[in-house]
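So the chains spell out like this:
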Amino acid sequence: MSSFSLPPIHDNPDGGWGPSTSNFPDQFKFKDIPYAPYSKSDKLGRFADWNDLSSDNRQNVAGLPATQNVRGGGPGGRRGDRNQAFGSGTASAFAYFHVEDESSFSLVDNKAAPARRGTGFSRGRGGVRGTANYSNVRGSGRGGRGGAAFRGGANQRNAPNQRRGWRDWEKNNRARESSVVISPQWNMLEEVEFHRLAKLRLEIDEPEELDSYGRLFAYDKSYDRVTTKTEKPLQLVDRIKYNTTTSDDPVIQQLASSGIAKVYTTDAILSVLMCAPRSVYPWDIVIVREGDSLFLDKRDGGPFDTVTVNENAADPPQDPTPPNPNNPTEKAAIPETASINSATSLSLEATYINQNFGFQSVIETAPPPPVDFANPNPFYGPEETEPLASCGYRYRLFDLGITEDEDIKICVRTEVDAYIPGQGNPREGQGLVTIRALNEFDPRAQGAGGAPDWRSKLDSQRGAVVATEMKNNSCKLAKWTVQSVLAGAELMKIGYISRANPRDNTRHVILSTASMRPTDFAAQLNVSLANGWGIVRTVTDMCMKMPEGKYVLVKDPNKPVIRLYAVPMSTFTGDDEEVAEVASEEE
C-alpha cells in the first residue's frame with residue numbers, strides 16, 4: 001500500500017517572510033541566490049492581472065513563455081516583445097526576458113480595406129471611412145472594415161461617457177438647461193418616461209363647438225404660385241395677435257364658472273403635451289387645480305412664445321457658452337460671427353417669420369370681404385387702436401371619457417388664421433386655414449441638419465426638402481398639424497422662407513408655399529392622435545389624484561422624461577418674483 005509523507009517545512013524562527021538563512025538545508029537550491037529587496041517607489045503588480053488592459057492588449061504571466069501569455073497566446077495571438085515585470089525594479093533571477101525577435105512577425109493578409117462612401121468629416125467622395133490614419137479615426141466611431149479598432153475595442157466599450165452614433169464625435173455634448181429653475185422647495189410627485197407615453201392610446205369622438213370669436217380674412221391664393229424664380233420679399237406687417245394663457249382668457253373663465261368641462265387649455269399647450277415623445281428641447285406647463293377643474297397654463301416668456309428650429313436634427317443649433325469669468329482668456333464655444341445662427345437667435349427669427357408670413361398672406365383691402373365670427377375678439381379692448389390680425393378663436397369641447405359614465409371633458413381654445421373663398425361658410429367651419437412657415441438660415445452653418453439649398457432644390461426636388469424638414473423639425477411640424485386638427489381646419493399652408501443673404505437675419509424672401517390637409521399630413525409624419533389623447537388623459541388622471549394647488553409639468557432638458565412637481569401657489573406670480581429678488585439681494 002502506498003504511503004504519503006509530508007515534505008519538509010522550513011520555518012523562519014526570525015519572524016520574517018520566507019525561509020531563514022540560519023536554517024537553510026544544504027540541498028536547498030535557492031541558497032546562494034541573493035535577495036533583491038523591494039523599494040517603496042516600485043509598483044508591485046500581480047502574478048496574473050486578468051483585468052489589466054495595457055496599450056498593447058497583452059498581459060503576461062511571469063515565468064510563462066510568450067506564446068502562452070494571457071492575451072497574446074495561441075497560434076493566432078500577438079507575441080509580445082516585453083513582459084510585465086512583477087516584483088522589484090532591480091535585476092532578479094526570477095524575471096523572464098523574451099528574446100524572440102518580433103521582426104519576423106508579419107500579417108498574412110495585407111490587402112487594403114475596400115473604400116466605403118463617406119468620411120468622418122464630410123460627405124465628399126474623396127475619403128475612406130475606417131482608414132488607419134488619425135484624421136479619420138475620429139469619424140469612424142462605429143468602425144469600418146480595416147478601421148482603427150474603434151468598434152469592439154475593450155477600452156472603448158468600458159470607457160465612461162462613450163458616445164455612439166453617426167458623426168457623434170462632432171456634436172456638442174454640452175448639457176441643456178431646464179426651461180424653468182427647479183426650486184429646492186418643489187416636491188417631485190411623478191416621473192414618466194417617454195417610452196411609456198408612446199404606448200398610450202385613446203380614441204375620442206368628434207368635438208362639440210361651444211362658441212367662436214374673432215375676424216378672419218381671406219387667404220391670398222397668389223402665394224400658392226410663388227416659386228424660387230418669382231420669390232416675394234417678406235414684409236413687416238404691423239398687426240396685433242394675442243397669445244393669452246388659459247387662466248387669463250375671459251371666455252374660459254366664463255365657461256369654467258358654468259362647469260362645462262373639467263380641463264381647460266389652449267391648442268398650443270395641448271399640442272405640446274400630445275407631441276411630448278417627439279420633443280427634445282425642455283418645456284414646462286403650469287397646472288392649477290381648483291376644485292374639480294384643471295387649468296393648463298403657460299408662463300410669460302416661456303418656450304410657448306417662440307418657435308424652435310431644427311429641434312430634432314442630429315446636431316441641433318447651439319447657443320454660445322459664455323466665457324468663464326474666472327478665466328479671462330477663455331473664449332465662447334461659438335464665435336461671435338455665428339451668433340445669428342445660435343439656437344436663441346434662430347428661434348426669435350423663426351417666430352418673427354411665422355407671424356409676418358401669416359399677416360402678409362391674407363387679403364385685407366380687397367374682396368372677398370372678411371368674415372366675422374359670432375363674437376368679436378375677446379382680448380381686444382375698447383382702448384386698443386392698432387389693427388387686429390386675421391385670427392379666429394374656436395372653443396371646442398372634447399370628451400375624454402373611456403366609458404359612458406365618465407364625465408371627463410376638456411375645453412380647448414383653438415385658432416385659425418384665414419379662410420379659403422368659395423369653400424363654404426367659414427362660420428360653420430368650412431374652408432378654414434392655418435398658416436405656418438419654415439425658415440432656411442444657412443445650409444453650411446452648424447445645426448443646419450444637412451438641409452439642401454432651397455433655391456436650387458425646392459422646385460425640382462421638393463420631396464427631398466420636405467423629407468429633410470420632417471426629420472429636422474419633426475416635433476414642430478407635429479405640433480402644427482395637431483393644432484390644425486384640433487381647430488378643425490381643412491387646410492394647412494406652410495411657407496418656405498429663406499434669408500435674402502445667409503449672413504443677414506433681417507431680410508427674408510418667400511420661395512414657395514405648400515398646401516396640405518392636416519389629417520393626411522399627420523399620417524405622413526406618423527402622428528397618432530389617439531396616442532396624444534392617451535397622454536392627455538394620463539396626465540389628467542395623474543393631476544386629478546392630487547389635492548388642490550399648483551403643479552408644474554417639466555420636460556427634462558437632457559432626458560426623455562417628464563416630471564410633475566408640486567409648487568407653492570405664489571410661484572410664477574409677481575409676489576414670487578419679488579421674493580426671489582429679495583433673496584438674491586440678501587445673498
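Cut-offs used in this document
- Residues numbered from 1 in each chain as written.
- Predicted model: local features only at pLDDT ≥ 70, side-chain atom pairs only at ≥ 80, totals over all residues.
- Heavy atoms only, no water.
- Helix = DSSP H or I, 4+ residues; strand = E, 2+ residues; numbered from the N terminus.
- Contact = heavy atoms within 4.5 Å.
- pLDDT = per-residue confidence, 0-100.
- Pairing = 2+ DSSP bridges.
- Axes fitted to C-alpha atoms, helices over the stretch in contact; angles between N-to-C directions.
- Disulfide = S-S within 2.5 Å.
- Buried < 20%, exposed > 50% of the residue type's maximum accessible area, 1.4 Å probe, protein only.
- Salt bridge = Lys/Arg side-chain N within 4 Å of Asp/Glu carboxyl O.

A. The arrangement of the side chain of Asn-439 in detail. Note that Asn-439 resides in strand β13 (residues 432-440). For Asn-439, the residues in contact, after removing those within four places along its chain, are Val-309, Ala-350, Ile-353, Trp-454, Lys-476 and Ile-497.

B. Geometry of the confidence of the model for the protein chain. Looking at the protein chain as a whole, the pLDDT averages 78, with 66% of positions reaching at least 70. A low-confidence stretch, residues 55-100 stays under pLDDT 50, and its non-local contacts, those more than four residues away or across chains, total 69 contacts. Counting contacts from residues 577-587, a segment whose pLDDT is below 50, to residues more than four positions away or on other chains yields zero contacts.

C. Inspection of the sheet that holds strand β1 (residues 187-193) at higher detail. Strand order in the open sheet made by the ten strands is β1-β17-β16-β6-β7-β5-β11-β10-β2-β9, with mixed pairing throughout. With partners counted over all chains shown, the strands left at the sheet margins are β1 and β9 (371-372), one partner each. Across four bridges, the pairing between strand β5 (residues 263-266) and strand β11 (residues 409-416) is parallel. When the bridges of β11 are listed, Val-263 appears paired with Ile-410. Strands β10 (391-399) and β11 of the sheet are contacted by helix α9 (residues 474-487), whose axis makes an angle of about 80° with β10.

D. Seen up close, the state of the cysteines. With the rule as written, the count across this model stands at zero disulfides. Sulfur of Cys-275: no disulfide; nearest cysteine sulfur belongs to Cys-475 and is 6.1 Å away. The exposure class assigned to Cys-475 is buried, which follows from its relative accessible area of 2%.

E. Representation of the pattern of salt bridges within the structure. In this structure the tally under the stated criterion is 20 salt bridges. Note that Glu-209 and Arg-394 form a salt bridge whose closest N and O atoms lie 2.9 Å from each other. One end of the pair, Glu-209, is in strand β2 (residues 208-216); the other, Arg-394, is in strand β10, with 185 residues separating them in the sequence. For Glu-209, a relative accessible area of 35% puts it in the partly exposed group. Overall, the relative accessible area of 8% leaves Arg-394 in the buried class. Salt-bridge contacts for Arg-537 lead to Glu-406; the nearest nitrogen and oxygen are separated by 2.9 Å. Taken together, the residues span a long stretch of sequence, with Arg-537 in helix α11 (residues 529-544) and Glu-406 in the loop between β10 and β11 at a distance of 131 residues. When salt bridges that share partners are traced, they join Lys-241, Glu-415, Asp-417 and Arg-436 into one network.

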